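# Residue-level structural notes
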Amino acid sequence: MDFPIYLVPIIFFGLVILISSFFIVKQQTAAVIERFGRYQSIRHSGLQIKIPLVDRIAGKLSLKIQQLDVIVETKTLDDVFVRLKVSVQYMVIKEKVYEAFYKLDYPHEQITSYVFDVVRAEVPKMKLDDVFVRKDDIAIAVKSELNDAMMDYGYDIIKTLVTDIDPDAQVKAAMNRINASEREKIAAQYEGDAQRILIVEKAKAEAESKRLQGQGIADQRREIARGLEESVEVLNRVGINSQEASALIVVTQHYDTLQSIGEETNSNLILLPNSPQAGSDMLNNMVASFTASNQIGEAMKNAKKKNDE
C-alpha cells in the first residue's frame, strides 16, 4: 500500500507546530508568555512548553545586575559648574517581573530622570570642596530616592556611586594654582626652619670653638708661667735675683723671637726695637724699672705705717 503523498505537508506542518511549542529560557532570564495578547505566565530558565499558535513569548527580561552611567551637570553653592558621573547598579526583582515588563517601558530614562532630579537638588546646597568630601552623601540620597520610586516598577537599586566629579577647566586650574602656592609656602617655611637651625648650630659650634680656643690659650699661658717660674728658681740658685732673672728671660725670648722671624721667609711681623744695642738697653731699662718699682713699693709701705700710727 503506497503512502499518500498528500499527507507529507500535513505531517511536516504538524512537526513544525510541535517543535515550536518548546522553547528554552537562559539562566538569569525571565520570559513573559501571552495568550491571545493577554498576560499568561512567566517562565524561568530551562526547557519550557507553550501552546502553539495560541501562546507567544511577549518578551524576555534579564535578571542580572545592570549598570547605568548618568552624567549630570549642575551648579554648586559657590557658583561653580561641575559635572558628576553617577553609576546606578540595578536589577529586576524576580518576583516582580510582571511589573517590570508591563508598568515601565523605558527603565533607563526613568532612572536617569530621578538621578538628575536628586543631584540637582543636593549639589546646589554644597560648596565645591564639600561636593568632593560628601560625594557618598549624594550617592546615598540618589539610592534612597530611586529605591522608593523604582520598587513599585519591579526594580531594585543595588548601589549608586558618584564615580567622577569634574569642575570647569578654569576652576581646576585655579585649584591647582592654590594647591601649588600652598605647597610652595610650606616648602619655604621648612627651608627657613632649616636655615635657622643651621645658623643656631653654627653659632653654637663657633662658641664652643672659641671656648676651647680660650681654654687652650689659658693652658698655654699657664705652662709658660710655670716654665718662667722654674727658670727664675734655677737662676736664683746661681746668685741671680728675681729682677735680673726676669730681665734675662725677657731678653732671651726677644732674641728667640728674632731668630724665629728670620727663619720664616713669608713673615710680615716686625719686632721693634731690633738694633744691636737693643738687648742691653732693654735689660738696663727693665732692671731700672724693677728697681724703681721696688722703691715706690717700699715708700708706699712706709707711708701707710706712718698713717696707721
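Computed from a predicted model, the values in this text were never measured in an experiment.

### What about the overall build of the protein chain?
Counting secondary structure elements, the protein chain contains eight helices and eight strands. Looking at the 309 residues of the protein chain, the share that counts as buried comes to 22%. Taking as baseline every contact in the protein chain between residues at least 6 positions apart, the subset at least 24 positions apart corresponds to 62%. Here the protein chain displays about 21900 Å² of accessible surface, and carbon together with sulfur accounts for 56% of that area.

### A word on the packing of helix H3 (residues 107-122) against helix H5 (residues 135-150)
At a minimum axis separation of 9 Å, H3 and H5 run at an interaxial angle of 140°. Judged on the interaxial angle alone, H5 and H3 are oblique. By crossing handedness, the relation of H3 to H5 is classed as right-handed. For the pair H3 and H5, contact is made by Gln110, Ile111, Tyr114, Val115, Val118, Val119 and Glu122 and by Ile138, Ala141, Val142, Glu145, Leu146, Ala149 and Met150, respectively. Looking at side-chain class alone, the contact of H3 with H5 contains eleven nonpolar, one polar and two charged residues.

### A look at the sheet that holds strand S3 (residues 38-43)
Spatially, the three strands line up as an open sheet ordered S3-S2-S5, and their pairing is antiparallel. Whereas interior strands pair on both sides, the edge strands pair on one side only; in this sheet they are S3 and strand S5 (55-62). If you compare each strand with its neighbour and ignore which way they point, the axes differ by 25° on average.

### A short note on the sheet that holds strand S6 (residues 66-75)
The strand order across the open sheet formed by three strands is S6-S7-S8, and the pairing between neighbours is antiparallel. The sheet is open, and its two edges are formed by S6 and strand S8 (155-167), each paired on a single side. With direction set aside, neighbouring strand axes in the sheet form an average angle of 20°. For S6 and strand S7 (residues 81-92), the ladder comprises ten bridges, and the chain directions are antiparallel.

### What to know about unusual backbone geometry
With a phi angle near 60°, Gln28 is a residue other than glycine that sits in the positive phi range. Within the secondary structure, Gln28 sits in the loop between strand S1 (22-25) and strand S2 (29-35). Here Asp79, not a glycine, exhibits a phi torsion of approximately 60°, which is positive. Relative to the elements of secondary structure, Asp79 occurs in the loop between S6 and S7.

### A short note on the nonpolar core
In this structure, Leu84, Ile111, Val115, Val119, Ile138, Val142 and Leu146 are the most contacted members of the largest nonpolar core, which totals 34 residues. At the level of secondary structure, the elements contributing two or more residues to this core comprise S2, S6, S7, helix H2 (97-102), H3, helix H4 (128-133), H5 and S8. Broken down by element, the residue count for this core peaks at six residues, all from S7. If we skip the residues at most four places from it in the chain, Leu146 touches Val88, Ile111, Tyr114, Val115, Met151, Ile157 and Thr160.

### Description of a negative patch on the surface
Taken together, Asp117, Glu145, Asp148 and Asp152 make up a surface patch of like negative charges. Turning to its location among the elements, Asp148 is positioned in helix H5. In this structure Asp148 comes out as exposed when scored by relative accessible area, which is 58%.

### Looking at the pairing of S2
Extensive coverage of S2 is indicated by the burial of six of its seven residues. Direction of pairing for S2 relative to S5: antiparallel, over a ladder of seven bridges. Looking at the pairing, Ala30 lines up with Leu61 of S5. The sheet contact formed by S2 and S3 spans five bridges and is antiparallel. Across the sheet, residue Ala31 finds its bridge partner in S3, namely Arg43. Two successive antiparallel strands, S2 and S3, enclose a turn made up of two residues, where Phe36 displays a positive phi of approximately 55°.

What counts, and at which threshold
- Residues numbered from 1 in each chain as written.
- Predicted model: local features only at pLDDT ≥ 70, side-chain atom pairs only at ≥ 80, totals over all residues.
- Heavy atoms only, no water.
- Helix = DSSP H or I, 4+ residues; strand = E, 2+ residues; numbered from the N terminus.
- Buried < 20%, exposed > 50% of the residue type's maximum accessible area, 1.4 Å probe, protein only.
- Contact = heavy atoms within 4.5 Å.
- Areas by Shrake-Rupley, 256 points an atom, 1.4 Å probe, with all protein chains shown as cover.
- Axes fitted to C-alpha atoms, helices over the stretch in contact; angles between N-to-C directions.
- Parallel < 35°, antiparallel > 145°, perpendicular 65-115°, else oblique.
- Left-handed = near helix turned anticlockwise from the far one by under 90°.
- Nonpolar A, V, L, I, M, F, W, Y, C, P; charged D, E, K, R; others polar.
- Pairing = 2+ DSSP bridges.
- Core = buried A, V, L, I, M, F, W, Y, C linked by side-chain atoms within 4.5 Å.
- Patch = residues over 30% accessible without salt bridge, like charges linked within 9 Å, V, L, I, M, F, W, Y side chains within 5 Å.
- Salt bridge = Lys/Arg side-chain N within 4 Å of Asp/Glu carboxyl O.
- Lys, Arg positive; Asp, Glu negative; His and termini not counted.
- Charge placed at Lys NZ, Arg CZ, Asp CG, Glu CD.

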